[in-house]
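Letter by letter, the chains look like this.
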Number of protein chains: 2
Amino acid sequence: MTTRIVELRRGILKKNDELAAELRARFNSAGVLVLNLVSSPGTGKTEFLERTLRELRARGAQAAALVGDLETDNDARRLAASGAPVRQINTHGICHLDAEMISKHLEGWEGVSLDGLNYLFIENVGNLVCPSSYDLGERIRVALLSVTEGEDKPLKYPGLFNSADAAVITKIDLAEPCGFDRELALRNLNEIRPGIRIFETSAKTGAGMEPWLNYLVEQAHAS
Amino acid sequence: MTTRIVELRRGILKKNDELAAELRARFNSAGVLVLNLVSSPGTGKTEFLERTLRELRARGAQAAALVGDLETDNDARRLAASGAPVRQINTHGICHLDAEMISKHLEGWEGVSLDGLNYLFIENVGNLVCPSSYDLGERIRVALLSVTEGEDKPLKYPGLFNSADAAVITKIDLAEPCGFDRELALRNLNEIRPGIRIFETSAKTGAGMEPWLNYLVEQAHAS
């Protein structure tokens, strides 16, 4: 049974990779920078993304977001507070987004065309395992890690962290009450993904948002 | 392809359920209370369990733990500080424990026999999706939720929370800096799993551990 599962899984991933490559080509030709945000549930992806969308819009950029959850449209409603167009994807029991879900939700998205966007953020389902194998056609995969959840997460979930292009440490306003060991977290991230770009942020206070926003602008220009 | 996956998945779950039923019979006949702890990564399962093991041992009970992670034996080493026997299970990419892993790791566990135990805790892989479908033969499934990760998690991951017998809110020492909305969290837990037993704890300060330990003693006697 295990062999059949492995074969089927390989087939599914191959199909996903092909569709992701098509999406990537579409995104590139439209000139939109696409980022896939992955993390544990509760890392603060939504709050971080809401602030990112708001600040990008304040700088005159066009940004939109797709957000994945098993159930509820809570996150889409929270993100919509930024003023950016947002669309919820409910996976109903599936622990990750896949390229087909992205492709489907780009269709018929009222008021949004890829050509008019500078940035498209995809907030994945909160999970440190399943999303790592599924390419969504993004150019940049961002792994988030909050100061509340333990410095050892990169070591315990290497597959997710070593497939990321950048890491964002969130909730640094809570670093002190949590006894967060910053040096250890940076060392662990670098052990799993040597040289990874790391941003240390608080969406609540705004600390560290500036370097992150500058990075986005740089990356958008580099496309 | 989807139909074949569904059929294979059904077969795997059926096989798991059968093995879990055998494990449950073994645990019952040995008189050991078995608990399966599930949560997001970073909820604080290990710190909570370490304190639980230590306090149970101080009361003269025999308690042991199996702990699942994709990689590393960090958690086994942390739990061993309690003085209890602990064994690490590495799943190498699998996002949950299954009954077969439990069965295998009960064999040849030096110095541990089920007959000599009052409590066996199984700390599952940190994940709010995958562990919910896999019965490990436990009598009590405990879903943990930290004050740092958002009150809406039960609504967003109903499958995990509605398969739990008890819920433990962790890190209540951080409730204030996190702006934790206690009433909302309790309401959401009760919406997904009406009447669920809820414990509010801090493994750091020891707050709320007493009712939890009393619950364990009650449940052990009820077996």
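Residues numbered from 1 in each chain as written. Chains lettered and ligands numbered in written order. Predicted model: local features only at pLDDT ≥ 70, side-chain atom pairs only at ≥ 80, totals over all residues. Heavy atoms only, no water.

**Some remarks on helix α9 (residues 209–221) of chain A**
Residue and element names in this part refer to chain A.
- In a regular helix each residue adds 1.5 Å, so 13 residues correspond to 18 Å; α9 covers 19 Å between its end C-alpha atoms and thus fits that length.
- Those residues of α9 that sit buried are M209, W212, L213, Y215, L216, Q219 and A220. On an axial view of α9, the arc spanned by its buried residues comes to 155 degrees, and they lie on one face.
- Looking at the buried side of α9, the elements it contacts are β1 (33–38), α2 (45–58), β4 (119–123), β5 (140–146), β6 (166–170) and β7 (197–200). (Helix = DSSP H or I, 4+ residues; strand = E, 2+ residues; numbered from the N terminus. Expected span 1.5 Å × (residues − 1). Buried < 20%, exposed > 50% of the residue type's maximum accessible area, 1.4 Å probe, protein only. Arc of directions from axis to C-beta. Contact = heavy atoms within 4.5 Å.)

**Some details on the interface of chain A and chain B**
- Tallying the contact residues gives 37 residues for chain A and 37 residues for chain B.
- Between chain A and chain B, a total of about 2900 Å² is buried, with carbon and sulfur atoms accounting for 64% of that surface.
- Here chain A is connected to chain B by 4 salt bridges.
- Among the salt bridges present, the one from B:D69 reaches A:K156, with a minimum N-O distance of 3.4 Å.
- Scanning the region where chain A abuts chain B turns up 15 residue pairs in polar contact (both at pLDDT 80 or more).
- When contributions to the side of chain A that touches chain B are tallied by element, the ones reaching two or more residues are α1 (2–30), α3 (74–80), α5 (153–156) and α7 (175–178) of chain A.
- Considering every element that reaches the side of chain A that touches chain B, the biggest residue donor is α1(A), with 5 residues.
- Its residues placed into classes, the side of chain A that touches chain B shows 17 nonpolar, 9 polar and 11 charged. (Buried area = accessible area lost by both parts, 1.4 Å probe. Salt bridge = Lys/Arg side-chain N within 4 Å of Asp/Glu carboxyl O. Polar contact = N/O pair within 3.5 Å; in protein donor to acceptor, adjacent residues only side chain to side chain. Nonpolar A, V, L, I, M, F, W, Y, C, P; charged D, E, K, R; others polar.)

**Side note on the state of the cysteines**
- Under the criterion given, the structure shown has 2 disulfides over all chains.
- Bridging A:C95 to A:C130, the disulfide has an S-S length of 2.3 Å. Its S-S torsion of about -95 degrees marks the bond between A:C95 and A:C130 as left-handed, since a negative value means left-handed. A residue pair is termed long-range when its members are at least 10 positions apart, and A:C95 in the loop between β3 (86–90) and α4 (99–106) and A:C130 in the loop between β4 and β5 qualify at 35 residues. In terms of burial, A:C95 and A:C130 fall into one category: buried.
- A:C178 carries a free sulfur, and the closest cysteine sulfur to it, the one in B:C178, is 6.3 Å from it. (Disulfide = S-S within 2.5 Å.)

**Looking at the side chain of B:T72**
- If you trace the backbone, B:T72 turns up in the loop between β2 (63–69) and α3 (74–80).
- Polar contacts involving the side chain of B:T72 include one to the main-chain amide nitrogen of B:N74, which spans 3.4 Å.
- Sequence-distant contacts of B:T72, that is, excluding residues within four places in its chain, are made with A:L155, A:K156, B:Q88 and B:N90.

**A word on the relation of the copies chain A and chain B**
- Superposing chain A onto chain B requires a rotation of 180 degrees together with a translation of 0.0 Å along the rotation axis, leaving an RMSD of 0.0 Å. These values place the two chain copies in the arrangement generated by a two-fold rotation axis.
- Comparing interface residues between copies, 100% of those in chain A also lie at the interface in chain B; the contact surface is shared. (Least-squares fit on C-alpha atoms with pLDDT ≥ 70 in both.)

**Topic: unusual backbone geometry**
Residue and element names in this part refer to chain A.
- Here the phi dihedral of T72 falls at roughly 75 degrees; this positive angle occurs in a residue that is not glycine.
- A positive phi angle is found at K171, which is not glycine, with a value near 60 degrees.
- Locating K171 in the fold gives a position in the loop between β6 and α7.
- Given the relative accessible area of 17%, K171 is considered buried.

**A short note on the confidence of the model for chain A**
- Confidence in the prediction for chain A averages 96 pLDDT; 99% of positions are at 70 or higher.
- This complex was scored by the predictor with a pTM of 0.93 and an ipTM of 0.89. (pLDDT = per-residue confidence, 0-100.)

**Some words on empty space enclosed by the protein**
Residues and elements named next belong to chain A.
- Evaluated as defined, the whole model comprises 2 cavities of 30 Å³ or more.
- By volume, the largest cavity amounts to about 40 Å³.
- Taken together, R24, F27, N28, V32, L33, V34, G137, E138 and R139 make up the lining of the largest cavity.
- Of all the secondary structure elements, the ones that give two or more residues to the lining of the largest cavity are α1 and β1.
- Counting residues per element, the lining of the largest cavity draws most heavily on α1, which supplies 3 residues.
- A per-class count over the lining of the largest cavity returns 4 nonpolar, 2 polar and 3 charged.
- Size it by volume and the second largest cavity reaches roughly 40 Å³. (1 Å grid on protein atoms, 1.4 Å probe; cavity = no way out; pocket = protein on both sides within 12 Å on 5 of 7 lines; lining within 4 Å. Points joined across faces, edges and corners; volume = space filled by probe spheres on them.)

**Side note on the sheet that holds β4(A)**
Residue and element names in this part refer to chain A.
- Spatially, β3-β2-β4-β1-β5-β6-β7 is the arrangement adopted by the 7 strands of the open sheet, whose pairing is parallel. Of all the strands in the sheet, the pair left with one neighbour each is β3 and β7. This sheet shows a mean twist of 20 degrees between the axes of neighbouring strands, independent of strand direction.
- Running over the sheet, helix α8 (residues 182–192) touches β6 and β7 and is turned about 155 degrees from β7. (Pairing = 2+ DSSP bridges. Axes fitted to C-alpha atoms, helices over the stretch in contact; angles between N-to-C directions.)

**So, the pairing of β2(B)**
Residues and elements named next belong to chain B.
- Along β2, 7 of the 7 residues are buried, which leaves the element largely enclosed by surrounding structure.
- Along β2, one buried face is formed by A63, A65, V67 and D69 and the opposite face, lined by A64, L66 and G68, is buried too.
- Judged from the 5 bridges that link them, β2 and strand β4 (residues 119–123) form a sheet pairing that is parallel. Its bridge partner lying in β4, A63 is registered against Y119.
- Bridge analysis of β2 against strand β3 (residues 86–90) gives 5 bridges, and the strand direction is parallel. Residue pairing for β3: D69 is matched across the bridge by N90.
- Between the parallel pair β2 and β3, the chain is carried across by α3, and the sense of this crossover is right-handed. (Right-handed = clockwise from strand over helix to strand, strands pointing away.)

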